[in-house]
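Per-entry structural report
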Amino acid sequence: MMHDDKTIHLVVVGGCGHVGLPLGLAFASKGVHVTLLDINEQAVQTLNQGKIPFQEEGAQEILDRHLNKNLFITSDDTVVENADVVCFITGTPIDEHLNPRIQDIIRIIRHYKKHFHPDQLIILRSTIYPGTTRVIENILQKESKVRKIAFCPERIQEGKGICEIFSLPQLVSATSSEAEQEAVALFSRITQKTIILSPEEAELAKLMTNSWRYLQFAIANQFYMMATEFGYDFHKIFAAMTEDYPRARSFARPGLAAGPCLFKDTMQIAAFHKHHFHLGHSAMLVNEGLPSFLVDQMSQHFDGDLRQRKIAILGMTFKADNDDTRESLSFKIKKLLEFRMAEVISSDPWLPDTCPLEEALAQADGIILGVPHKEYLTIFPQQPFVDCWGIWSKHQQN
Ligand SMILES: NC(=O)c1ccc[n+]([C@@H]2O[C@H](COP(=O)([O-])OP(=O)(O)OC[C@H]3O[C@@H](n4cnc5c(N)ncnc54)[C@H](O)[C@@H]3O)[C@@H](O)[C@H]2O)c1
């Protein structure tokens, strides 16, 4: 059994990542003894210097209060030996053939298993291919003395993780009732509601949540491309469809559906369903096709010829008001523009090495809005622009 409140020691493997860090900070803020364990030496060093390595609301305050009190950051594996709970939150990417790389998480678990002991609760928190928890249970049963394994997926919105951890219900699943009870007890420290599922149900719930969002963006993007191709203003149609119409409340706006999760999780669930998840693959074709559509739209402003045109992309990160560039489709736009021999100016207030906004606006012949950071809401480009998000198009309607 886990010890009393004061002595619980949680080790988060992948603790300096976008999901591991907010989780570790959330637990530390509630008095749990937390060690963030990560192979990223630079992130370990940055955090030990009291700095948060990426944008995460509310993180700095918690780090300031808890660092070296009940919160420790290290790359030393052996801390796992002293843990009551070991939570794994490392990446779960897909491969070049769009299949899940299940071996990554298995390799990591195998690496740490020499430090495991039978009293520990092992929590898997990465988004995993359905069935992975059982595979890991089987491996650990054969290769270690660990018996308590839980899968408790993370559902936070990146950048706002800490705030959401305290308010979202936590899905809890486990391979035994003892593990389930301990996982519920642990998460009850940071959230008011836990929902019990079997491991397979929880794995599917997480993947279905992300795929559903990916599909929502795809339908908006398809309609945007459809209306635009026929010369209609989609944003005007969208405003009319959704105004005071309750059933359209969840209608997503068009925009680049990017980032490290939605695409790869849609492909994970497609692989699970023997690649018969036709809606998922269609969504991928639409969302991944949008950058080409936007570049074509831009080229129409220049009679189809982008050679030597200076085109600025405003917003290089994958989401607004955030510094994460992982799987950002702005970089796909950049490549497509360069292939059309345009001169690309990348600009992003979150990325210091890119062109400052004023300079980009002054130099560009045309502008593509990559992501609607708040800095762009108050400007209106004087040159031709392409804005699938609809923040500048609204000005044109009025
Ligand atoms: N980013 C999100 O918003 C989000 C939301 C919900 C779920 N998820 C899922 O969470 C998981 C992690 O995603 P992320 O965005 O935090 O990734 P990330 O790359 O930001 O973090 C992973 C961390 O794990 C570390 N790591 C890798 N191998 C390690 C090892 N052997 N030992 C210790 N540390 C190791 C890395 O250095 C990195 O700091 C993925 O499965 C993802 O799908 C992500």
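As the structure is a computational prediction, the values presented were derived from the model and not from experiment.

1. Here we look at the site of the ligand
- Taken together, 24 residues surround the ligand, and among them His-18, Asp-38, Thr-92, Tyr-112 and Lys-264 come closest.
- A distance of 2.6 Å is found between an oxygen atom of the ligand and a side-chain nitrogen or oxygen belonging to Thr-92.
- Here an oxygen atom of the ligand sits 3.0 Å away from a polar atom, N or O, in the main chain of Thr-127.
- Look at the ligand: alone it shows 830 Å² of surface, and the protein chains cover 86% of it.

2. Some points on the sheet that holds strand S10 (residues 343–347)
- If you trace the 4 strands from one edge of the open sheet to the other, you get S10-S9-S11-S12, paired in parallel fashion. Both outer strands of the open sheet, S10 and strand S12 (385–386), are each paired with one neighbouring strand and no more.
- Those strands touched by helix H11 (residues 278–300) are strand S9 (310–314), strand S11 (366–369) and S12, and its axis lies near 160 degrees from that of S11.
- The strands touched by helix H12 (residues 330–339) are S9, S10 and S11; relative to S9, the strand with the most contacts, the crossing angle is about 175 degrees.

3. Here's the deal with the packing of helix H1 (residues 20–29) against helix H3 (residues 59–66)
- Two elements in contact, H1 and H3, have axes separated by 10 Å at closest approach and are oriented at 50 degrees. When the interaxial angle is binned, H1 and H3 end up oblique. Here the hand of the crossing between H1 and H3 comes out left-handed. Listed contacts from H3 to Leu-25, Ala-28 and Ser-29 of H1 are Ala-59, Ile-62, Leu-63 and His-66.
- Considered class by class, the residues forming the contact of H1 with H3 number 5 nonpolar, 2 polar and no charged.

4. Observations regarding the nonpolar core
- Among the nonpolar cores identified, the biggest contains 56 residues, and Leu-294, Leu-314, Leu-337 and Trp-392 are the most heavily contacted of them.
- In terms of residue count, the dominant contributor to this core is H11 (8 residues).
- What Leu-337 contacts, discounting residues up to four positions off in sequence, is Val-295, Leu-306, Ile-311, Ile-313, Ala-342, Val-344 and Ile-368.
- Counting 41 residues, the second largest nonpolar core, distinct from the first, contains Ala-26, Phe-27, Ala-150 and Ile-156.

5. Topic: the packing of aromatic side chains
- Following the criterion strictly, the structure yields 12 aromatic pairs and no others.
- Look at Tyr-224 and Phe-293: their rings are 6.0 Å apart centre to centre, the planes differ by 75 degrees, and that puts the pair in the edge-to-face class. With Tyr-224 in helix H8 (residues 199–229) and Phe-293 in helix H11, this pair connects stretches of sequence that are 69 residues apart. The burial state of Tyr-224 is the same as that of Phe-293; both residues are buried.
- Ring pairing ties together the aromatic residues Phe-223, Tyr-224, Phe-234, Phe-238, Phe-251 and Phe-293, which thus form one cluster.
- Directly above the aromatic system of Phe-166 lies the positively charged group of Lys-30, at a separation of 5.0 Å from the ring centroid.

6. Digging into the packing of helix H5 (residues 132–143) against H8
- Running from amino to carboxyl end, H5 crosses H8 at an angle of 135 degrees, the nearest separation of the two axes being 8 Å. One way to sum up the angle between H5 and H8 is to call them oblique. Contacts between H5 and H8 pair Thr-132, Thr-133 and Arg-134 from the former with Pro-199, Glu-200 and Glu-203 from the latter.
- Here the contact of H5 with H8 is composed, by residue class, of 1 nonpolar, 2 polar and 3 charged.

7. Notes on the sheet that holds strand S2 (residues 33–37)
- Here 8 strands make up an open sheet; going across it, the order is S3-S2-S1-S4-S5-S6-S7-S8 and the pairing mixed. Looking at the sheet topology across the chains shown, the edges are occupied by strand S3 (71–74) and strand S8 (194–196). Ignoring which end each strand starts from, the neighbouring axes of this sheet average 25 degrees apart.
- As paired strands, strand S7 (residues 170–174) and S8 are joined by 3 bridges and run parallel to one another.

8. Re the domain arrangement of the protein
- Structurally, the protein comprises domain 1 (5–197) and domain 2 (205–397).
- The straight-line distance from the C-alpha centre of domain 1 to that of domain 2 is 32 Å.
- Domain 1 puts 21 residues into the contact, and the matching count from domain 2 is 21 residues.
- Where domain 1 abuts domain 2, roughly 1700 Å² becomes buried across the two surfaces, and 59% of that area is made up of carbon and sulfur atoms.
- Ranking the residues of domain 1 by area buried against domain 2 places Gln-55, Thr-127 and Glu-158 at the top, with a combined share of 32%.
- Counting across the domain 1 and domain 2 interface gives 1 salt bridge.
- Taking the shortest distance from any N to any O, the salt bridge between Arg-326 and Glu-158 comes out at 3.3 Å.
- Put simply, domain 1 and domain 2 have 10 residue pairs in polar contact (both at pLDDT 80 or more) between them.
- Residues that form the side of domain 1 that touches domain 2 fall into these classes: 11 nonpolar, 7 polar and 3 charged.

Definitions and limits used
Residues numbered from 1 in each chain as written. Predicted model: local features only at pLDDT ≥ 70, side-chain atom pairs only at ≥ 80, totals over all residues. Heavy atoms only, no water. Near = heavy atom within 4 Å. Polar contact = N/O pair within 3.5 Å; in protein donor to acceptor, adjacent residues only side chain to side chain. Areas by Shrake-Rupley, 256 points an atom, 1.4 Å probe, with all protein chains shown as cover. Pairing = 2+ DSSP bridges. Helix = DSSP H or I, 4+ residues; strand = E, 2+ residues; numbered from the N terminus. Contact = heavy atoms within 4.5 Å. Axes fitted to C-alpha atoms, helices over the stretch in contact; angles between N-to-C directions. Parallel < 35°, antiparallel > 145°, perpendicular 65-115°, else oblique. Left-handed = near helix turned anticlockwise from the far one by under 90°. Nonpolar A, V, L, I, M, F, W, Y, C, P; charged D, E, K, R; others polar. Core = buried A, V, L, I, M, F, W, Y, C linked by side-chain atoms within 4.5 Å. Buried < 20%, exposed > 50% of the residue type's maximum accessible area, 1.4 Å probe, protein only. Phe/Tyr/Trp six-rings, centres within 6.5 Å; stacked < 30°, edge-to-face > 60°. Lys NZ or Arg CZ within 6 Å of the ring centre and 35° of its normal. Domains from an automatic or database assignment. Buried area = accessible area lost by both parts, 1.4 Å probe. Salt bridge = Lys/Arg side-chain N within 4 Å of Asp/Glu carboxyl O.

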